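Chain by chain, the residues:
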Number of protein chains: 2
Amino acid sequence: MDLWQLNIFCKVVERKSFSKAGKAVHLSQPTISSHIRDLESHFGCRLIDRLGKEAVPTRAGSLLYQHARRILQLKDETEAAMAEFQGSIKGRFVVGGSTIPGAYILPRLVGGFAERFPDVTLSLEIGDSEQILAETLSGGLELGVVGALSTDRRAEQIRLMEDVMCLVVPPRHPWAGRESMDLESLKKEPFILRERGSGTRQAIAGHLKALGLSIDDFRIVAEMGNTQAVIQGIKSGLGVSILSPVAVEEELASGRLFALKVEGADLRRNFYLTRHKDRTPSPLCQAFIRYIQEVYPFPGPILPLDANAK
Amino acid sequence: MDLWQLNIFCKVVERKSFSKAGKAVHLSQPTISSHIRDLESHFGCRLIDRLGKEAVPTRAGSLLYQHARRILQLKDETEAAMAEFQGSIKGRFVVGGSTIPGAYILPRLVGGFAERFPDVTLSLEIGDSEQILAETLSGGLELGVVGALSTDRRAEQIRLMEDVMCLVVPPRHPWAGRESMDLESLKKEPFILRERGSGTRQAIAGHLKALGLSIDDFRIVAEMGNTQAVIQGIKSGLGVSILSPVAVEEELASGRLFALKVEGADLRRNFYLTRHKDRTPSPLCQAFIRYIQEVYPFPGPILPLDANAK
DNA sequence: TAAAAATACTCCATAGGTATTTTAT
DNA sequence: ATAAAATACCTATGGAGTATTTTTA
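Figured I'd write up the structure that's included with this text. Here the structure is a predicted model, which is why all the values come from computation and not from measurement.

Calculation notes
Residues numbered from 1 in each chain as written. Chains lettered and ligands numbered in written order. Predicted model: local features only at pLDDT ≥ 70, side-chain atom pairs only at ≥ 80, totals over all residues. Pairing = 2+ DSSP bridges. Helix = DSSP H or I, 4+ residues; strand = E, 2+ residues; numbered from the N terminus. Contact = placed C-beta atoms within 7 Å. Axes fitted to C-alpha atoms, helices over the stretch in contact; angles between N-to-C directions. Near = placed C-beta within 6 Å. Nonpolar A, V, L, I, M, F, W, Y, C, P; charged D, E, K, R; others polar. Least-squares fit on C-alpha atoms with pLDDT ≥ 70 in both. Expected span 1.5 Å × (residues − 1). Left-handed = near helix turned anticlockwise from the far one by under 90°. Parallel < 35°, antiparallel > 145°, perpendicular 65-115°, else oblique. Buried ≥ 20, exposed ≤ 12 C-beta atoms within 10 Å, placed from the backbone.

## Looking at the sheet that holds strand β12 (residues 258–262) of chain A
Residue and element names in this part refer to chain A. Spatially, 4 strands are ordered β8-β12-β7-β11 in an open sheet, and the strand pairing comes out mixed. The open sheet has two edge strands with one neighbour each: β8 (180–181) and β11 (241–243). One ladder, built from 3 bridges, connects strand β7 (residues 166–169) with β12; its direction is antiparallel. The residue of β12 that forms the bridge with valine 169 is phenylalanine 258. On the sheet, helix α10 (residues 227–235) packs against β7 and β11 and is oriented at approximately 135 degrees with respect to β11.

## Thoughts on the protein's contact with DNA strand C
Around DNA strand C, the structure places 18 residues, and the nearest of them are Phe18, Ser19, Pro30 and Ser33 of chain A together with Gly52 of chain B. Taken together, the elements giving at least two residues each to the surface near DNA strand C come down to α2 (18–25) and α3 (29–43) of chain A together with α3 (29–43) of chain B. When the residues that make up the surface near DNA strand C are grouped by side-chain class, the tally is 6 nonpolar, 8 polar and 4 charged.

## Topic: the relation of the copies chain B and chain A
At an RMSD of 0.4 Å, chain B and chain A line up after a rotation of 179 degrees and a shift of 0.0 Å along the axis. In symmetry terms, the pair is related by a two-fold rotation axis. Most of the interface of chain B is mirrored in chain A, where 100% of its interface residues again form contacts.

## Brief notes about the interface of chain B and chain A
Interface size is often expressed as the accessible area that is lost when the parts come together. Contact with chain B, which involves 31 residues of that partner, is made by 31 residues of chain A. Partitioned by chemical class, the residues of the side of chain B that touches chain A number 14 nonpolar, 8 polar and 9 charged.

## Some thoughts on helix α4 (residues 59–87) of chain A
Its 29 residues give α4 of chain A an end-to-end C-alpha distance of 42 Å, which sits within 8% of 42 Å, the value for a rise of 1.5 Å per residue. On its buried face, α4 of chain A sits against α1 (3–15), α3, β1 (48–51) and β2 (54–57) of chain A together with α3 and α4 (59–87) of chain B.

## Quick word on the sheet that holds strand β12 (residues 258–262) of chain B
Residue and element names in this part refer to chain B. Spatial strand order, β8-β12-β7-β11: 4 strands in an open sheet with mixed pairing. The open sheet terminates on both sides in strands that have one partner only, identified here as β8 (180–181) and β11 (241–243). Where β8 and β12 come together, 2 bridges link them in parallel fashion. Within β12, the position partnered with serine 180 by the bridge is lysine 261. Relative to the sheet, helix α10 (residues 227–235) contacts β7 (166–169) and β11, its axis offset from that of β11 by approximately 135 degrees.

## As for the packing of helix α6 (residues 106–116) of chain A against helix α12 (residues 283–295) of chain A
Residue and element names in this part refer to chain A. Axis separation between α6 and α12 bottoms out at 11 Å; the angle between their running directions is 115 degrees. With respect to the hand of their crossing, α6 and α12 are arranged in right-handed fashion. In contact with Leu109, Gly112 and Phe113 of α6, α12 contributes Phe288, Tyr291, Ile292 and Val295. Broken down by class, the residue content of the contact of α6 with α12 amounts to 6 nonpolar, 1 polar and no charged.

## Examining the packing of helix α2 (residues 18–25) of chain B against α3 of chain B
Residues and elements named next belong to chain B. At a minimum axis separation of 8 Å, α2 and α3 run at an interaxial angle of 105 degrees. One finds that α2 runs roughly perpendicular with respect to α3. Contacts from Phe18, Ser19, Ala21 and Gly22 of α2 reach α3 at Gln29, Thr31, Ile32 and Ser33.

## A short note on unusual backbone geometry
Even without being a glycine, histidine 26 of chain A presents a positive backbone phi close to 55 degrees. Looking at where histidine 26 of chain A falls in the secondary structure, it is placed in the loop between α2 and α3. A residue is classified by how many C-beta atoms lie within 10 Å of it, and histidine 26 of chain A, with 7 of them, is exposed. Positive phi, close to 55 degrees, is recorded for lysine 16 of chain B, a residue that is not glycine. As for its placement among the helices and strands, lysine 16 of chain B is situated in the loop between α1 (3–15) and α2.

Next comes the structure, spelled out in structure tokens:
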């Protein structure tokens, strides 16, 4: 019992004739005969009564016909769905974004893409860099934008843009208003950090390592699961932190927080488009990648720096 | 794209491995490879990403998998339905019956069969002999019981039982109470007849022909579409008729009608099981035929004759 | 007699196998 | 080093054809 035989069988039922069915599917009459015989021996019963002029289904044949029609229809739908999937940019697509990209980069990208391709339903999944990376590797997500490089060789990451982090303090902090602060002072200052999976934390750790230091050299007073919690911590005087300025743009402009540089430290960090190296991207994914590379043709800063209230 | 390949494809997706899928369907790993390659070239896109240890579906592959599962399930349902159809006596079955058998023979048969096979829904379709015969030939009905032989060579009819018709007159008719009446008198008497398709009418016509007569030799005052109308006609004094005594059993017993013989005329008639000679009977139909032949192992009279009120 | 299906046969495309190489962990 | 898929190559089943016979209207 295969689709081809079912198709032939249906044609015989519909045309009431072996030879006419043969014409319909470009097969000879004896070939039709043998296929019907095959089906009959497979099911162990007669399916078509050959009544001289007419070939008519038996009751068993009618039963099979009903089922066969449904199967063949489903087959056609499958072919159509597969063609559709490749031929058109439509459907549902989910991009992953870690905290900073998810909040400050992807919304614009997703909006712009949705505008150009109205038939696409886009959604944004937010997590920390580690979570998003893991999901692109496991296949749950096809694409992500994160603030950290993966150590997994299966990850393919391309640099999208650059950002320069800064030290953020509350407005009434003694350092508020200063241009910069030295590392030694910072090591003694209560410090708030993101959780381990965070790209921001990894960027900080990476820069400290370049200076021969580690996070353990600092006075970590809290580890927060998201950027908003860090910001609240700073505002409430719990400690200071190093953040992407885009995350505190409003607070800096309104004077509710204050940003400064760290002397001798290079606080640049990158954001990366991330996917599994070997997984085949869907047409939708390809279109989204093309769109992103159109918008960010070369890596550059997200926003102008030094957005402190003037 | 055929069912076998879809099955293999699904196994690969489920086992995440070509060789494991091979084990599952008793095929070698290279054979699996080639089937997947076939499918991929058929759809024009990659369906499975070979990620070293794991073989995982692409987005297109997942889409196909969803469809394939439904198709394969439908295939299983089809196989099950076909097996069920042959293996068990259950489902719906319609028997045709002409007027007399439909009213006096089949109800008992249908009742008895339904009792023995509780999973069968039986129904009885009533028409005159000609209609029922036509439907068994066209395929609308698999089986019928009628009171006439068909001239169509496609009809296969086996004699089920015998009945002896009688002349029926109203109680105040001058012939009421007589044992019999001669043909010459009957020819002058107002006569009520069934419609052309009726088996009763054909039986009468057949017997007249044997005597060198035809219906046109009688004074036909009415042609009625069913037996009840004929009975009403006789009761109202419109005329007399020749009927199966079973149809007027109650009227004879209560004295509301009176039956007598016709001298020199043999009014026996037969009832026949009727089906299309070449159509394959369904298992249900076969079971019903077996049951009927069990109940009526040899042709005989339906009921004892001469049921007039004593 | 004509039209349709069955039968008989021939052929070749391909599903399937084995042996081996390549690739990735 | 191992395990899995790809590749190469071979074989044989069976799907498809043509020619012919049988059947039935």
